[in-house]
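In case you want the letters, here they are:
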Amino acid sequence: MKRSVVFGTAGHIDHGKSTIVRNLTGKDPDRLREEQERGITVDLGFAGLEHNGMLISFVDVPGHERLVKNMIAGATGIDGALFAVDACEGIKPQTEEHLNIIETLGITHAVVAVTKTDLINESELCSSMENIQLFFGDSLLEDISYVKVQRDLPETYASLLDELAATAQRLPGNRLEGRFMLRVDRAFAVKGFGNVVTGTAVSGVLNRGDELIHYPAGKRVRVKNIQVHDNDSQRAEAHQRVALNVPDASEPSRGDILSDEAELSSEEGFYASLKVFDRLPSPADIKHNRTYPVYIGTEALEGKIIIPGGGRIRSGEELFVFVRLNRRYTPVFAERFLIRGLSPQITIAGGKVLAMGSLIPERKVAGEILELIHNGSFKEALSLISEKRPEGFRLPPPIQLFGDETDISVSGILTYGKLCVSDTLVSGIISSLTDKLRTSSELSESEINDELSILHSSLKKPVKEEFLRKVEADGYVFKNGRLKREKLEPFEEEALRALDIMRSDPLLSNRSLLAERLGTDEKTAEKYLVYLTNRELVIRLADKVYVTAELLNSFVSKGVQEAESKGSIELKDMREHFDLPRKLLVPLMDQLDKTGMFITRDKKRFLK
Ligand SMILES: Nc1nc2c(ncn2[C@@H]2O[C@H](COP(=O)(O)OP(=O)(O)OP(=O)(O)O)[C@@H](O)[C@H]2O)c(=O)[nH]1
Ligand SMILES: [Mg+2]
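Residues numbered from 1 in each chain as written. Chains lettered and ligands numbered in written order. Predicted model: local features only at pLDDT ≥ 70, side-chain atom pairs only at ≥ 80, totals over all residues. Heavy atoms only, no water.

Student: Account for the coordination of the magnesium ion (ligand 2), with residues named and values stated.
Tutor: Binding of the magnesium ion (ligand 2) to the protein goes through S18 (OG) and T41 (OG1), at separations of 1.9 to 2.0 Å. Highlighted residues: S18 in helix α1 (residues 17-25) and T41 in the loop between α2 (33-38) and β2 (45-51), separated in sequence by 23 residues. Each of the two residues, S18 as well as T41, counts as buried. (Donors = N, O, S within 2.8 Å, 3.2 Å for Na, K, Ca; no water. Helix = DSSP H or I, 4+ residues; strand = E, 2+ residues; numbered from the N terminus. Buried < 20%, exposed > 50% of the residue type's maximum accessible area, 1.4 Å probe, protein only.)

Pasting the structure below:
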């Protein structure tokens, strides 16, 4: 399959960005009449070419200082940067500003084209090259190459193309896995076809005829046609510039999202890390509670910056903040954004989205959680969130939580549909209800509801059902607003009495011990065990080894907890928590393997 890659131009006004794209692709990226008349780029331009089987697309951006928001919109989703630096003028304010932006967007690969080398003599060119290399060498870019070009020498553009292709080969992995996502950077209507949107596909794969969700409205739209590089195409994928014909989209515009993820939440704000650049023409800072222009995705918004400790973020400093937006927006995890200063109007800070505002509604508790997310300790972060939100919380889809590839199956957290809640809290509620039921032998609906009151309203029902299912096996039935034991057959009464006794003494793990305690014969005790095993109230671990379901469950959860904190567990670790003989501990340990959560190496059990 052809490899695709998108380069975005960058650099000061008039340094020759559009000239490069025109020379490489034969297409003029300055399509607007105004652009052609004034000789400056105003809006984004797109062009592409095929080179050695690789699709190379270009997003051409304006260099004008007032048009930086368009530059940022164009740079969203690009893989590499193509800087143009005028050999005579060298590094200028927007070269610096665009480099700050490119670094913030997490782009690490760049080709620097030194332009207008026909207008400068050899020795001046040498010193100019040195300065340019010093400037870029001091950046966060990891892969930089330099090529000298001249407008009227086609061979210089051929070398530039070779360098771009070589850089493209060194770009890290592709993002074809995961959800398809595109942030619209242009939207227009074509007579006879209807709405067309364009953008850089950030992730995933799309086929003609597929359905996508159009955000922020959340409406389903069918993709009637796809174009890649101006040609009709059956499919589009990450790292490509694509145009989609979506006739049923209503009024699409720059900043909208098209994705096959159905559950994205649009937010009033988000938590982020935010750094004020140290490479700035004059020192600048971001003040607490002040509103700034925020450029995110392909949108230009305004956001009030809330710094938890108050004060300001100074040049070179990075802090956690909450950004409250003036309009709802659909951020994704780790999405980068930029903030412009109020005066002078220059991009002064760059940030990275760490959490949706709705995930941590209480700002006071955010710091510790953000620290964990920032360090990549996602499971710990989720546990802490569940601790801070005992009522339960809605889990955003992976691309808005910790990214598509992150495994977030966290022990200690139960999920009911999209809602999460702490495992200990639910089992606490259920066991307290069970205890109440055992002592008073029946419970009213309001007694049950009281116990559930701490939970998020949509969690009450599933937890209640779980409790009822559990006691149902014990012979209880919920009828006319009351939970009580149904009239049982004498045999069932006896079997359940045996269960209660086993619960209070786990050593009664086989029929002879049980028979002795009950004062009955082994055959009857065996029948009780069969009855209880069929109802999963008792579990048969091995020949003549039975334990109650409660004991097994608490053994497994303790095992997981211990393995998480110690790395692995052995029999002796579990003995500290369960005062049981070997003949029970050994089959209980074996039972851990059957859960599928552990693997055994050198007699130690590790979580998978
Ligand atoms: N002599 C000479 N002129 C060049 C060269 N490259 C570009 N130019 C000229 O410089 C002017 C600006 O070039 P553009 O390509 O429009 O510059 P740009 O960076 O796209 O400008 P903006 O999009 O407005 O930021 C044009 O008149 C070009 O013809 C070069 O190598 N030599
Ligand atoms: Mg231009």
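Student: Give me the packing of helix α11 (residues 445-452) against helix α12 (residues 457-472): which residues, what numbers.
Tutor: Packing of α11 against α12 leaves a shortest axis separation of 11 Å and a crossing angle of 120°. As summarised for this structure, α11 and α12 are arranged oblique, according to the angle between their axes. You can see that α11 and α12 cross each other, and the crossing is right-handed. Mapping the contact onto sequence places E445, I448, N449 and L452 in α11 and K460, V463, K464 and F467 in α12. When grouped by side-chain class, the residues that make up the contact of α11 with α12 number four nonpolar, one polar and three charged. (Axes fitted to C-alpha atoms, helices over the stretch in contact; angles between N-to-C directions. Parallel < 35°, antiparallel > 145°, perpendicular 65-115°, else oblique. Left-handed = near helix turned anticlockwise from the far one by under 90°. Contact = heavy atoms within 4.5 Å. Nonpolar A, V, L, I, M, F, W, Y, C, P; charged D, E, K, R; others polar.)

Student: Please set out the sheet that holds strand β4 (residues 80-86) residue by residue, giving values where relevant.
Tutor: Ordered by their spatial adjacency, six strands build an open sheet running β2-β3-β1-β4-β5-β6, and the pairing between neighbours is mixed. Edge strands, defined here as strands with exactly one partner in the open sheet, are β2 and β6 (143-148). Taken over all neighbouring pairs, the strand axes of this sheet differ in orientation by 25° on average, direction set aside. As defined by bridge partners, β4 adjoins strand β5 (residues 109-115) across six bridges and the pair is classed as parallel. Looking at the pairing, D86 lines up with T115 of β5. (Pairing = 2+ DSSP bridges.)

Student: I'd love a proper account of the sheet that holds strand β19 (residues 290-296), names of residues and values included.
Tutor: Think of a sheet as strands paired side by side through backbone hydrogen bonds, with each pair either parallel or antiparallel. Read around the closed barrel, the six strands follow the order β17-β22-β20-β19-β23-β24; overall the barrel is antiparallel. Along the sheet, successive strands turn relative to each other by an average axial angle of 45°, direction set aside. Examined bridge by bridge, strand β17 (residues 267-276) and strand β22 (residues 318-329) share eight bridges and lie antiparallel to one another. Bridging from a neighbouring strand, Y271 pairs with F322 of β22. Of the strands in this sheet, β23 (336-340) and β24 (347-356) are in contact with helix α4 (residues 93-104), which crosses β23 at around 150°.

Student: Can you tell me about the environment of E103, naming the residues and giving the values?
Tutor: Inspection of the secondary structure puts E103 in helix α4. Counting along the chain gives 279 residues from E103 to L382, while the straight-line C-alpha distance between them is 29 Å. Excluding its chain neighbours within four sequence positions, the residues that come into contact with E103 are S139, L140 and R279.

Student: Could you give an account of the site of ligand 1, naming the residues involved and the relevant values?
Tutor: Surveying the vicinity of ligand 1 reveals 18 residues, the closest of which are K17, S18, T19, T41 and R151. Contact distances for ligand 1 include 2.6 Å between an oxygen atom and a side-chain N or O atom of T41. In the model, a nitrogen atom of ligand 1 is placed 2.9 Å from a nitrogen or oxygen of the D118 side chain. Against a free-state accessible area of 660 Å², the protein chains account for coverage of 86% of ligand 1. (Near = heavy atom within 4 Å. Polar contact = N/O pair within 3.5 Å; in protein donor to acceptor, adjacent residues only side chain to side chain. Areas by Shrake-Rupley, 256 points an atom, 1.4 Å probe, with all protein chains shown as cover.)

Student: Describe the side chain of R389, with residues and values.
Tutor: Topologically, R389 is positioned in the loop between α8 (378-388) and β25 (393-394). Of the polar contacts made by the side chain of R389, one reaches the backbone oxygen of L359; its length is 2.8 Å. Apart from the residues within four sequence positions on either side, R389 is in contact with S358, L359, I360 and P361.

Student: How would you sum up the nonpolar core? Please name residues and give values.
Tutor: Residues F83, F136, L274, I286, I305, F337 and I339 are the most contacted members of the largest nonpolar core, which totals 59 residues. In this structure, this core is formed jointly by two domains, domain 1 (3-170) and domain 3 (267-410), each of which donates at least three residues. Among the nonpolar cores identified, the runner-up in size contains 24 residues, and F320, A366, A381 and L401 belong to it. (Core = buried A, V, L, I, M, F, W, Y, C linked by side-chain atoms within 4.5 Å. Domains from an automatic or database assignment.)

Student: An account of the pattern of salt bridges is needed here, citing residue identities and associated values.
Tutor: According to the stated counting rule, one finds 39 salt bridges in the structure shown. Residues E562 and K566 are paired through a salt bridge, measuring 2.9 Å at the closest nitrogen-oxygen approach. Taken together, the residues span about one helical turn, with E562 and K566 both in helix α16 (residues 549-566) at a distance of four residues. Overall, K566 belongs to the partly exposed group, its relative accessible area being 44%. The salt bridge involving K566 is made with D573; its shortest N-O contact spans 3.7 Å. Residue class for D573 comes out buried when judged on its relative accessible area of 10%. Because the salt bridges share partners, they merge into one network encompassing R31, D43 and R254. (Salt bridge = Lys/Arg side-chain N within 4 Å of Asp/Glu carboxyl O.)

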